[in-house]
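So you can see what is in the structure, the chains are spelled out below.
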Amino acid sequence: MTGGSPSANPGAAPGVVALRGPVLSFSARPADERSAGVDHLPDGVVIMRDGRLETVMAADAYRRQGGDPDACEDLRDSLIVPGLIDLHIHCPQMDVIASYGSQLLDWLERYAYPAELAFADPEHARSQCGRFLDRLAAHGTTSALVLGTVHAAATDALFDEAARRRVRLAAGKVLMNRHGPRALRDRTDGIDETAALIERWHGRDRLAYAVTPRFAIACSEDQLRGAGKLLERYPGVYLHTHLAEHPEELAATARTFPDAADYVGVYERFGLVGPQSVFAHGIHLSDSELGRLGAAGATIAFCPSSNLFLGSGLLDLARVDRAGVNLGVATDVGAGTSFSMLSTLADGYRVAQLTSTSWHPLTALYTATLGNARALGWDGRVGRLAPGHEADVVVLSPHPDSVLADRLRLASSLTDTVFAYLMLGGDAVSRTYVAGRPVYRREAG
Ligand SMILES: [Zn+2]
C-alpha cells in the first residue's frame, strides 16, 4: 500500500482525520492471507482529507517520509477496514426484523407489506429513512443497494436523507402492480414515476438509481417490459430484484409465466439481465440459468441470514463460482436477522459449511467490501482503503471483557483475527466515517 506525502500533525487540521492501527483491505479477491490481493498493514496510518483517503501506508514508511505516526489517533487495539457494503436491504422492513413464524410469501403478507403500507405517509417515511441510514452507519455499513416501497415520495425521502448524510447509495421505488394488498400496488405501471425519480436522483451527489421490480410475480408483463425499456433509456442505472429465493415463489412464478422456460428466462424476456443487474438470493437455479447469469455479467446477492430465517434454502457458493457468476453478499433485512454485515458473513460461513464449502474469512470480507463495490461498478471509489478513494472507513474494536476480546488475544494469524471478528463481532463497530466525516462512534465500554 502506498500514497500521500506526510504532513506534521495531520489530525489537527480541519477536515482531516488521522488514524493509526492495523489496516486491512483488498485489491483483488483473495483465496487466503497469502494472496496478492490482501493489503494488510499490521501497523498502518490512514489519513482522510476533504472526504478522500490521502494516505494509507505503514507507520514506519510514514515516519521515514517525515510524518509522525504518534500524532495520529492510536487505534492499535482495533482493525481499520473499508466501509461495509450491503448489496440487498429493504428500508421499510427495518422494524419487522425478527418477526416470528412463517416462510416467504406468508411472511411478506403478515409483516413486510403492513410495514411498507405505512410509507404512504411521507412524514413517517422520512423519519424511518433517517433512522434506517443511522442504523446502517452504526453497523459499519457505508453503502447499500436498497429497496424502498412502491411510493415515489418515500423514495424521494430516502434519497434526500442519503444526500444529507453524503452516503454512497443506490436505491429504487418498488415496482409492483399485481401482488400483495391493493393499496400497495402501483395504480398504473409505475414506469413514468420511476423515470422521474431517475431524472431527479441518478448521478446526483453519491446517489444512483436501481430499477426495482419486486419480483416477477408482483409485476404485469407490461410493467416488466417497461422496466427493461428504462434500462435501455438510462444506461448506468441498475436492475435490482429477487430471483429464485423460495420453493413456493418458484412454483408461483412457473404458474404466472407458463411460457417461460425457467425463472431467469422471465427476466431475460424483458431485457432485465445484464452486467448492471443484481439478483437477490438465486438459490434454486439450474446449471443453464447460472451459466446465462454468468455470461451476462450479472450478480447474485447472497443473503444467508434471511435464507436461514425463512427456510428458503442454501446457496451453493462453489456452484455459483464454477458458473462464473459474480457473488455479492447482503443482509436482506427485514427477513435477514441482523444489520451487521459481519454477522451476515458468519451466517454465510455456516451456509457454506452445509454445502461442503469452506468460505475463507478473507474471501468473505472481500465480498462485503470490494466485491460488492465491483458489483455496482464502484471499485476505484469505495470498498478499498487506498489513496484517492472516497473516505468510507470503519474501525472494529472488541468491547473490553467480551468473548471477542478474549478470543482475539489468542489469534495467531490474520485469518484467525478476521474469522473471530466475523463470528463474534456483530457489535464490534466502534467508528464509522462516511466521506471522511465521523457518522457513528460507539460509547465507551
Ligand atoms: Zn429482499
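Residues numbered from 1 in each chain as written. Predicted model: local features only at pLDDT ≥ 70, side-chain atom pairs only at ≥ 80, totals over all residues.

A.B. asks: Which parts of the structure should I look at to understand the domain arrangement of the protein chain?
C.D. replies: Note: interface size is frequently given as the accessible area lost on complex formation between the parts. According to the domain assignment, the protein chain contains domain 1 (10-83 + 384-441) and domain 2 (84-375). Computed from C-alpha atoms alone, the centre-to-centre distance between domain 1 and domain 2 is 29 Å. At the interface, 31 residues of domain 1 touch 28 residues of domain 2. Those elements that place two or more of their residues in the side of domain 1 that touches domain 2 are strand 1 (16-26), strand 5 (79-82), helix 15 (414-424), strand 16 (429-434) and strand 17 (437-441). Among the elements that line the side of domain 1 that touches domain 2, the one with the most residues is helix 15, at six residues. Of the residues assigned to the side of domain 1 that touches domain 2, the class counts are 18 nonpolar, six polar and seven charged. (Domains from an automatic or database assignment. Contact = placed C-beta atoms within 7 Å. Helix = DSSP H or I, 4+ residues; strand = E, 2+ residues; numbered from the N terminus. Nonpolar A, V, L, I, M, F, W, Y, C, P; charged D, E, K, R; others polar.)

A.B. asks: I'm lost on the environment of Asp347 in this one. Help?
C.D. replies: Examined against the element boundaries, Asp347 turns out to sit in helix 12 (residues 341-354). As a C-alpha pair, Asp347 and Thr337 span 10 residues in sequence and 10.0 Å in three-dimensional space. The contact partners of Asp347, leaving out residues within four places of it in the chain, are Pro304, Ser305 and Leu308.

A.B. asks: I would appreciate a short explanation of unusual backbone geometry in the present structure.
C.D. replies: When glycine is set aside, most residues are seen to have a negative phi, and most peptide bonds are trans. The omega torsion across Val333 and Gly334 is 5°, close enough to zero to call that bond cis. Tracing the chain through its elements places Gly334 in the loop between strand 14 (326-329) and helix 12. With a phi close to 50°, Asp50 is a non-glycine residue in the positive phi region. Within the secondary structure, Asp50 is located in the loop between strand 2 (38-49) and strand 3 (52-58).

A.B. asks: Would you mind going over the packing of helix 12 against helix 13 (residues 361-375) with me for this structure?
C.D. replies: Angle between the axes and distance between the axes: these two values describe a pair of packed helices. Relative to each other, helix 12 and helix 13 sit at 135°, their axes nearing to 10 Å. On the basis of their axis angle, the class for helix 12 and helix 13 is oblique. For the element pair helix 12 and helix 13, the recorded crossing hand is right-handed. Of the residues in helix 13, those touching helix 12 at Met341, Leu345, Gly348 and Tyr349 are Ala364, Leu365 and Ala368. (Axes fitted to C-alpha atoms, helices over the stretch in contact; angles between N-to-C directions. Parallel < 35°, antiparallel > 145°, perpendicular 65-115°, else oblique. Left-handed = near helix turned anticlockwise from the far one by under 90°.)

A.B. asks: Help me out: how do you make sense of the nonpolar core in this one?
C.D. replies: Buried together is how nonpolar side chains tend to be arranged in soluble globular proteins. With 148 residues, the main nonpolar core has Val46 and Ala301 as its most contacted residues. The biggest single contributor to this core is helix 13, with eight residues. Structurally, this core is a two-domain feature, drawing no fewer than three residues from each of domain 1 (10-83 + 384-441) and domain 2 (84-375). The residues contacting Val46, other than those within four sequence positions of it, are Leu19, Val23, Leu53, Val56, Ile80, Leu385 and Val393. (Core = buried A, V, L, I, M, F, W, Y, C linked by C-beta atoms within 7 Å. Buried ≥ 20, exposed ≤ 12 C-beta atoms within 10 Å, placed from the backbone.)

A.B. asks: Any chance you could explain the environment of Val266 here in plain terms?
C.D. replies: Here Val266 lies in helix 8 (residues 263-269). Remark: the alpha-carbon pair of Val266 and Ile217, spanning 49 residues in sequence, is separated by 9.9 Å. Each residue touching Val266, except ones within four places of it in the same chain, is listed here: Ala216, Thr253, Phe257 and Ala260.

A.B. asks: Help me understand the pairing of strand 1 in this model?
C.D. replies: Successive side chains on a regular strand alternate, one facing one side of the sheet and the next facing the other. The buried count for strand 1 comes to nine of 11 residues, which makes it a mostly enclosed element. The pairing of strand 1 with strand 2 spans 10 bridges and is classified as antiparallel. Following the sheet pairing, Val16 is matched in strand 2 by Arg49. Two elements, strand 1 and strand 4 (residues 73-74), share two bridges in a ladder whose sense is parallel. By the bridge assignment, Arg20 is partnered in strand 4 with Asp74. (Pairing = 2+ DSSP bridges.)

A.B. asks: What's the story with the environment of Gly51 in this structure? I'm lost.
C.D. replies: In this structure, Gly51 sits in the loop between strand 2 and strand 3. With 374 residues separating them in the primary sequence, Gly51 and Gly425 have C-alpha atoms 27 Å apart. Apart from the residues within four sequence positions on either side, Gly51 is in contact with Glu390, Ala391, Ala435 and Gly436.

A.B. asks: Explain helix 3 (residues 122-138) here, please?
C.D. replies: Residues separated by three or four positions in an α-helix point in the same direction, a consequence of the helix having 3.6 residues per turn. Taking 1.5 Å as the rise per residue, helix 3 with 17 residues should run 24 Å; its terminal C-alpha atoms sit 24 Å apart, in good agreement. Tucked inside the fold, the buried residues of helix 3 contact strand 7 (141-147), helix 4 (152-165), strand 16 and strand 17. One or two residues past the end of helix 3 sits Gly140, with phi positive at roughly 80°. (Expected span 1.5 Å × (residues − 1).)

A.B. asks: Sorry if this is basic, but what is going on with the pairing of strand 11 (residues 238-243) here?
C.D. replies: Here strand 11 lies mainly inside the structure; six of its six residues are buried. With two bridges connecting them, strand 10 (residues 207-213) and strand 11 associate as parallel partners. In the strand pairing of strand 11, Ala210 is matched with Tyr238. Examined bridge by bridge, strand 11 and strand 12 (residues 277-281) share five bridges and lie parallel to one another. Across the sheet, the residue bridging to Leu243 is His281, located in strand 12.

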